[in-house]
Amino acid sequence: MTKRAFRLETEQFSQERFFCRFVDWRVGAGLLVAFALSMAMASAQGAAQQAAPSPLATLVIWMPFILKGFALNLVISFLAMAIATVLGIGLGLMQISLIWLVRAPSRFVTHLLRNSPWLVILFVIMLLLPVDIRLPGNQRVMFPDWIKVTIAFALPVMGNISEILRGAVNSIPTGQWESAEGLAFTRSQALRWIILPQCIRRAIPPWMNWYALLTLSTPMASIFSIHEAVSNAQAGMEAAGARPGLLIPFYLFLLCLFFIYIYPIAVWTRKLERKYAVGS
Amino acid sequence: MFELIAPFFRHLYERTGLNFIVFYDPHEFGRFVAGISISLQLIFWSLLLSLVIGVVGAWTQRSQSAIWRGCVHAYIQAFRNTPPMIQLLFFYFALGAFTPSVDMGGYTQPIISSFVWAVISFGIFGGAFNVEIFRAGLDAVPESTLEAAESLCFSRWQTYTNVTLPLAFRISLPALTNNLVSLAKTTSLAYVIAVPEMTYVLNQVWSDNINVPEMMLLLFLYYVLVVTLLATALHALERRLVLPGYGQ
Amino acid sequence: MPSAPKSRTGDYRPWPDDKPIVSLNDVHKSYGMVEVLKGISLDVKKGEVICIIGPSGSGKSTLIRCINGLTPIQKGSITVEGQEVNDPKLDKLSLRRKVGIVFQQFNLFPHKTALQNVMMAPVLILREPKAEVEQRARALISKVRLTGKEDVYPGHLSGGQQQRVAIARSLAMRPDVMLFDEVTAALDPETVKEVLLTIKELAADGMTCILVTHEMGFAREVADHIYFTDLGVIVEHGAPAQFFTNAKDPRTRQFLSQVL
Ligand SMILES: Nc1ncnc2c1ncn2[C@@H]1O[C@H](COP(=O)(O)OP(=O)(O)OP(=O)(O)O)[C@@H](O)[C@H]1O
Ligand SMILES: [Mg+2]
């Protein structure tokens, strides 16, 4: 009996993974129909109770405003992911450094970033980062709130990308290092030309998962009154008279919005994961 | 306890201006302790609910009925692919608006408090991941081992309780640890529906006393501690239950 | 007064020596559209050791599993001590108490020690007193030459050791017939010997054994009768001396020329 019996590939099941056996567009479509139906039903119920614009009509009026907010969610997610990727790779490379003084602190930072709740990191950055920084040439770099929140979102993802890189490099068999050494590669050359290219395939699915997770976290920006989808929806409900009948359609609409965007990414990620699993 | 640390932190404040007010002001200390208590309860009940949902869901996913399996699958997809914060808002505001309130003599109070809504929401969110984890654990128990039990006269139920479940649980445990730790971190989101847990309480403290950096540090330490303790406990359980000879 | 837990061990009547203890008559078995067993008939007398040999995929494992009621058959009859296996109302418990089975892949319970593996079924299923079972289990473990390994987990035992624990585990149910399905196929050459020795001793003690094996030397040595199966039928059978030196069917000859 192989020693691999009775084991699961742990990472596949963490919250950070969108692993599921039969992720399928039909499931997504079915869910969306269910969402829409319940939205319509809730609005119909609301309409029966109240006079003047039905909840659904109200939602339609405010839809462009909410969508505009959602665009900001997306912008934040793109930027934060870009920052997290660049810094995360840097931190990850530091984690596999042979120099203890580089490795130890970068390990510590990675652990800290991975183990704190996102909300706490958000508070730290939003409240402790100054509004602007004065550069030596008497130039001022402004930090509007949405830039700050982008930086805050980048941090936990950065920690996790750093860890993905370390895990991927460690999963390359030592024989690869040895054969590179045999060909007179230096460590950095081996890393650059032999090890890292092999890591990329392994790292892409988890990287995509982190993007999805990051996007799913962007609504937290509404806590800091950034005008993204959730705060815009709440503002819309407020402006439309804060009727309880509005709550279900508005929140369901928000859920749908994110679902429509994230679900295809999850399906695609799963596909890549399978493909690479077969390939290796 | 409080009497013991209070003089030191009061002194610290007077000397250096570092204002850890929750450690020397009795009122703020009370708030702080209540915050810890609520936060730990929130974590405990959310994890518990997510485990129950995970077990029941995994069981349903292996059932014969395609309809039930489809329902569980849709549930998993719906809750994995939408933001947990909006789920929480949806439960608390949208569904909460339609749950009845009880008259508490003078004022009314909803039957389901924000704390309970948070537990429900996090439990359902975390459960979506646990279902998959448990199902994979059950699937990973080799058919041949079950057959061996059958050939030794084990009934279906005896096989289930003596072989399938103990093995599936052990197989699932590492993945489960990850997910539970993640979920514990996610509970800080209860802040958005004003559950007076740690994040919320320290927020109030720092707005009342303008000591943001100190309280922030405390918040950070609190979560790092809780997460580390939870992870350590679960890893210890993992080590105790590891299948000898099949470990790392 | 609370009554003592009911023991299910009572009511034991030895099967007479002259009648076949296991008897297969025109057994047909298919998986879906594929017919794997196409009319197998054989008789095994008490204390007899029979070996089933044949090429891979010829249905040997299937045959063994049918005898233990692990898979149902479509046609024909299998009786064990007069009890019909192909009966929807079959009392599987009483059948499986009579028939022990050992698999190629050992299939020990990895979360229990060797001793616990052996004790589990008698204690849980037969509800025999624990102390008595433990005594018997220790005796069995020493019989398969594993004294000292009682508290070791399967993951820390070698393949051969695991297989011998599996044999002890089956014997703990005090079966009348033992089925062995290629029990040495997954083992290293050195450990094969230990396991074969255990089986040989078992056979010498008078246990009725049905063995599927690829170890021709062993089959020749221990078997009273050899059956050669191919494509779901018994092509040829006979006593080992005659079977190995004087096979009649060309298929048997070809198979033997490949494996000998
Ligand atoms: N559960 C099953 N479902 C469908 N087909 C099966 C199943 N089990 C076995 N078979 C098929 O039945 C045939 C006989 O299988 P069996 O395992 O009995 O062969 P065998 O003689 O034991 O071979 P080997 O020497 O390789 O163990 C094979 O063709 C196999 O593919
Ligand atoms: Mg076989």
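Below is a summary of the structure that appears in this document. (Residues numbered from 1 in each chain as written. Chains lettered and ligands numbered in written order. Predicted model: local features only at pLDDT ≥ 70, side-chain atom pairs only at ≥ 80, totals over all residues. Heavy atoms only, no water.)

1. A short note on the overall build of chain C
Here is step 1: A count of helices and strands for chain C gives nine helices and 10 strands.
Here is step 2: Taken over the C-alpha trace, chain C has a radius of gyration of 19 Å; the compact-globule value for 260 residues is 18 Å, and the two agree within 12%.
Here is step 3: Counting only C-alpha atoms, chain C reaches 65 × 45 × 35 Å along its principal axes.
Here is step 4: Residues counted as buried form 54% of the 260 residues belonging to chain C.
Here is step 5: Put simply, 65% of the contacts in chain C that link residues at least 6 apart link residues at least 24 apart.
Here is step 6: Only carbon and sulfur atoms are counted for the fraction: they give 52% of the accessible area of chain C, which is about 11700 Å².
Here is step 7: For chain C, the separation between the mean place of its 33 positive charges and that of its 30 negative charges on side chains is 4 Å. (Helix = DSSP H or I, 4+ residues; strand = E, 2+ residues; numbered from the N terminus. Rg over C-alpha atoms; globule rule 2.2 N^0.38 Å. Buried < 20%, exposed > 50% of the residue type's maximum accessible area, 1.4 Å probe, protein only. Contact = heavy atoms within 4.5 Å. Areas by Shrake-Rupley, 256 points an atom, 1.4 Å probe, with all protein chains shown as cover. Lys, Arg positive; Asp, Glu negative; His and termini not counted. Charge placed at Lys NZ, Arg CZ, Asp CG, Glu CD.)

2. Some details on the overall build of chain A
Here is step 1: Check the secondary structure of chain A and you find nine helices and two strands.
Here is step 2: Taken from the N to the C terminus, the helices and strands of chain A come in the order α-α-α-α-β-β-α-α-α-α-α.
Here is step 3: Expressed as a percentage of the 280 residues in chain A, the buried residues total 48%.
Here is step 4: Residue pairs in contact within chain A that sit at least 24 positions apart in sequence constitute 76% of those at least 6 positions apart.

3. Regarding the interface of chain B and chain C
Here is step 1: With 20 residues of chain B in contact, the opposing surface of chain C contributes 25 residues.
Here is step 2: When the two sides are added together, the surface that chain B and chain C hide from each other amounts to roughly 2000 Å², 67% of it contributed by carbon and sulfur.
Here is step 3: For chain B, the biggest contributors to the area lost against chain C are Leu-152, Cys-153 and Pro-244 of chain B; these three give 29% of the whole.
Here is step 4: Our count for the contact surface shared by chain B and chain C stands at two salt bridges.
Here is step 5: Close ionic contact of Arg-65 of chain C with Glu-147 of chain B constitutes a salt bridge, the shortest N to O distance being 2.4 Å.
Here is step 6: In terms of residue count, the dominant contributor to the side of chain B that touches chain C is helix H6 (residues 143-151) of chain B (seven residues). (Buried area = accessible area lost by both parts, 1.4 Å probe. Salt bridge = Lys/Arg side-chain N within 4 Å of Asp/Glu carboxyl O.)

4. Some remarks on the interface of chain A and chain B
Here is step 1: Contacts between chain A and chain B engage 51 residues on the former and 63 residues on the latter.
Here is step 2: The contact between chain A and chain B buries some 5000 Å² in all, and 74% of this surface belongs to carbon and sulfur atoms.
Here is step 3: Linking chain A with chain B are one residue pair in polar contact (both at pLDDT 80 or more), by the criterion used here.
Here is step 4: Taken together, the elements giving at least two residues each to the side of chain A that touches chain B come down to helix H1 (25-49), helix H3 (100-115), helix H4 (118-128), helix H8 (229-239) and helix H9 (244-279) of chain A. (Polar contact = N/O pair within 3.5 Å; in protein donor to acceptor, adjacent residues only side chain to side chain.)

5. Quick notes on the nonpolar core
Here is step 1: Grouped together as the largest cluster of nonpolar side chains are 160 residues, with contacts concentrated most on Ile-66, Phe-153 and Tyr-251 of chain A together with Val-22, Phe-154 and Leu-202 of chain B.
Here is step 2: The element that contributes the greatest number of residues to this core is H9 of chain A, accounting for 19 residues.
Here is step 3: In this view, Phe-154 of chain B contacts Ala-149, Thr-159, Asn-162 and Val-163 of chain B together with Phe-109, Met-120, Ala-121, Leu-124 and Ile-125 of chain C; residues no more than four positions away in its chain are not counted.
Here is step 4: Val-102, Met-178, Val-195 and Leu-256 of chain C belong to the second largest nonpolar core, which has 49 residues in total. (Core = buried A, V, L, I, M, F, W, Y, C linked by side-chain atoms within 4.5 Å.)

6. Some points on the pattern of salt bridges
Here is step 1: Per the stated rule, a full pass over the model turns up 20 salt bridges over all chains.
Here is step 2: The salt bridge partner of Glu-163 of chain A is Arg-166 of chain A, with a shortest N-O separation of 2.9 Å. Of this pair, Glu-163 of chain A and Arg-166 of chain A are both found in helix H5 (residues 145-171), three residues apart, which corresponds to roughly one turn of the helix.
Here is step 3: Of the charged contacts in the structure, one is a salt bridge between Glu-128 of chain C and Arg-174 of chain C, with a shortest N-O distance of 3.3 Å. Of this pair, Glu-128 of chain C sits in the loop between helix H3 (114-124) and helix H4 (130-143) while Arg-174 of chain C sits in the loop between helix H5 (159-171) and strand S7 (177-181), placing them 46 residues apart in sequence.
Here is step 4: Relative accessible area serves as the criterion here: at 45%, Arg-174 of chain C is assigned to the partly exposed category.
Here is step 5: Several salt bridges converge on common partners, so that one network encompasses Arg-62, Glu-132, Arg-135 and Asp-139 of chain B.

7. Structural notes on the sheet that holds strand S10 (residues 233-238) of chain C
Residue and element names in this part refer to chain C.
Here is step 1: Spatial ordering of the open sheet is given by S6-S7-S8-S3-S9-S10, a layout of six strands whose pairing is mixed. Of all the strands in the sheet, the pair left with one neighbour each is strand S6 (99-102) and S10. Mean inter-strand twist for the sheet, computed between neighbouring axes without regard to direction, equals 20 degrees.
Here is step 2: Sheet topology note: the S7/strand S8 (residues 208-212) ladder contains five bridges and is parallel. Bridge pairing links Leu-179 to Ile-210 in S8.
Here is step 3: Against the sheet, helix H1 (residues 60-67) makes contact with strand S3 (49-53), S6, S7, S8 and strand S9 (225-230), and its axis sits at roughly 155 degrees relative to S7, the strand it touches most.
Here is step 4: Docked against the sheet, H5 engages S6 and S7, running at close to 170 degrees with respect to S6. (Pairing = 2+ DSSP bridges. Axes fitted to C-alpha atoms, helices over the stretch in contact; angles between N-to-C directions.)

8. Comments concerning the packing of aromatic side chains
Here is step 1: Applying the stated criterion across every chain, the model contains 32 aromatic pairs over all chains.
Here is step 2: Plain terms: the ring middles of Phe-123 of chain A and Phe-224 of chain A are 5.3 Å apart, the flat faces sit at 75 degrees to each other, and that makes the pair edge-to-face. One end of the pair, Phe-123 of chain A, is in helix H4; the other, Phe-224 of chain A, is in the loop between helix H7 (187-217) and H8, and 101 residues separate them in sequence. Like Phe-123 of chain A, the residue Phe-224 of chain A is buried in the burial classification.
Here is step 3: Seen from their ring centres, Phe-23 of chain B and Phe-32 of chain B are 5.5 Å apart, and the 80 degrees between their planes marks the pair as edge-to-face. Both residues of the pair, Phe-23 of chain B and Phe-32 of chain B, belong to the buried class.
Here is step 4: Through a chain of ring-to-ring contacts, the aromatic side chains of Phe-70, Phe-78, Tyr-211, Phe-258 and Tyr-261 of chain A assemble into a single cluster.
Here is step 5: A cation over an aromatic ring shows up here: Arg-192 of chain A above the ring of Trp-193 of chain A, its NZ or CZ 4.2 Å from the ring centre.
Here is step 6: Against the face of Tyr-31 of chain C rests Lys-29 of chain C, its NZ or CZ located 4.8 Å from the ring centre. (Phe/Tyr/Trp six-rings, centres within 6.5 Å; stacked < 30°, edge-to-face > 60°. Lys NZ or Arg CZ within 6 Å of the ring centre and 35° of its normal.)

9. So, the site of ligand 1
Residues and elements named next belong to chain C.
Here is step 1: Around ligand 1, the neighbouring residues are Tyr-31, Val-36, Pro-55, Ser-56, Gly-57, Ser-58, Gly-59, Lys-60, Ser-61, Thr-62, Glu-182 and His-214.
Here is step 2: In this structure, an oxygen atom belonging to ligand 1 sits 2.8 Å away from a side-chain N or O atom of Lys-60.
Here is step 3: The contact in question runs from an oxygen atom of ligand 1 to an N or O atom on the side chain of Glu-182, over 2.9 Å.
Here is step 4: Bound to the protein, ligand 1 loses 56% of the 640 Å² it would expose on its own.
Here is step 5: Here the shell around ligand 1 takes three residues from H1, the largest share from any one element.
Here is step 6: Across the shell around ligand 1, the residue classes tally to three nonpolar, seven polar and two charged. (Near = heavy atom within 4 Å. Nonpolar A, V, L, I, M, F, W, Y, C, P; charged D, E, K, R; others polar.)

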